[in-house]
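Remarks on the overall topology
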Amino acid sequence: MKAVITVIGKDMVGILARLSGICAEKNANVIEVTQSVMQDMFAMIMLVDVSKLNCDFAQLQESLIKEGDALGLSVHAMHEDLFNSMHTI
């Protein structure tokens, strides 16, 4: 099972490291990352394998959101199937 994590906010050093560190702590394997910096705005999408999480998915979401809040970033995490359903016409 996979999940999509989106991150938007002001660019700063260490965003990828901090959020991927949380994924590693929760045993979510980062499969793919795409990120862009437009002027001083940061945007990132991560695809992570959550099939071997050592916690509930809700706990991973909460940890990522909490870290995002601390960094002044908007962070969303959702299961890949929900993400795909939301973006299908």
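Below is a short write-up of the structure. Predicted, not measured: the structure shown is a model, and the values here were computed from it.

1. Topic: the pairing of strand E2 (residues 29-38)
If a strand is regular, its side chains alternate between the two faces of the sheet. Bridging between E2 and strand E3 (residues 41-49) involves nine bridges; their strand directions are antiparallel. Bridge pairing links Asn 29 to Asp 49 in E3. Linking E2 back to E3 in an antiparallel pair, the connection comprises two residues, with Gln 39 at a positive phi of about 55°.

2. A few points about helix H2 (residues 57-71)
Because the α-helix completes a turn every 3.6 residues, residues three or four places apart line up on one side. For H2, built from 15 residues, the straight-helix expectation of 21 Å at 1.5 Å per residue is met to within 8% by its first-to-last C-alpha distance of 21 Å. When H2 is considered as a whole, its buried residues turn out to be Phe 57, Leu 60, Leu 64, Glu 67, Gly 68 and Leu 71. The buried residues of H2 occupy one face: seen down the axis, they fall within an arc of 100°. Opposite the packed face of H2, turned more than 90 degrees from it, sit the exposed residues Glu 62, Lys 66, Asp 69 and Ala 70. Its buried side turned inward, H2 meets strand E1 (2-10), helix H1 (15-25) and strand E4 (73-79). Just beyond H2, the residue with positive phi is Gly 72, at close to 75°.

3. A few points about the pattern of salt bridges
Following the criterion strictly, the structure yields two salt bridges and no others. In this structure, Asp 40 engages Lys 10 in a salt bridge whose closest nitrogen and oxygen atoms are separated by 3.1 Å. Of this pair, Asp 40 sits in the loop between E2 and E3 while Lys 10 sits in strand E1; the two residues are 30 residues apart in sequence, bridging distant segments of the chain. Residue class for Lys 10 comes out partly exposed when judged on its relative accessible area of 47%. Of the charged contacts, one joins Arg 18 and Glu 67 as a salt bridge, the two residues approaching to 2.5 Å between their closest N and O atoms. Of this pair, Arg 18 sits in helix H1 while Glu 67 is found in helix H2, placing the two residues 49 residues apart along the sequence. Looking at Arg 18, the relative accessible area reads 43%, which means it is partly exposed.

Parameters at a glance
Residues numbered from 1 in each chain as written. Predicted model: local features only at pLDDT ≥ 70, side-chain atom pairs only at ≥ 80, totals over all residues. Heavy atoms only, no water. Pairing = 2+ DSSP bridges. Helix = DSSP H or I, 4+ residues; strand = E, 2+ residues; numbered from the N terminus. Expected span 1.5 Å × (residues − 1). Buried < 20%, exposed > 50% of the residue type's maximum accessible area, 1.4 Å probe, protein only. Arc of directions from axis to C-beta. Contact = heavy atoms within 4.5 Å. Salt bridge = Lys/Arg side-chain N within 4 Å of Asp/Glu carboxyl O.

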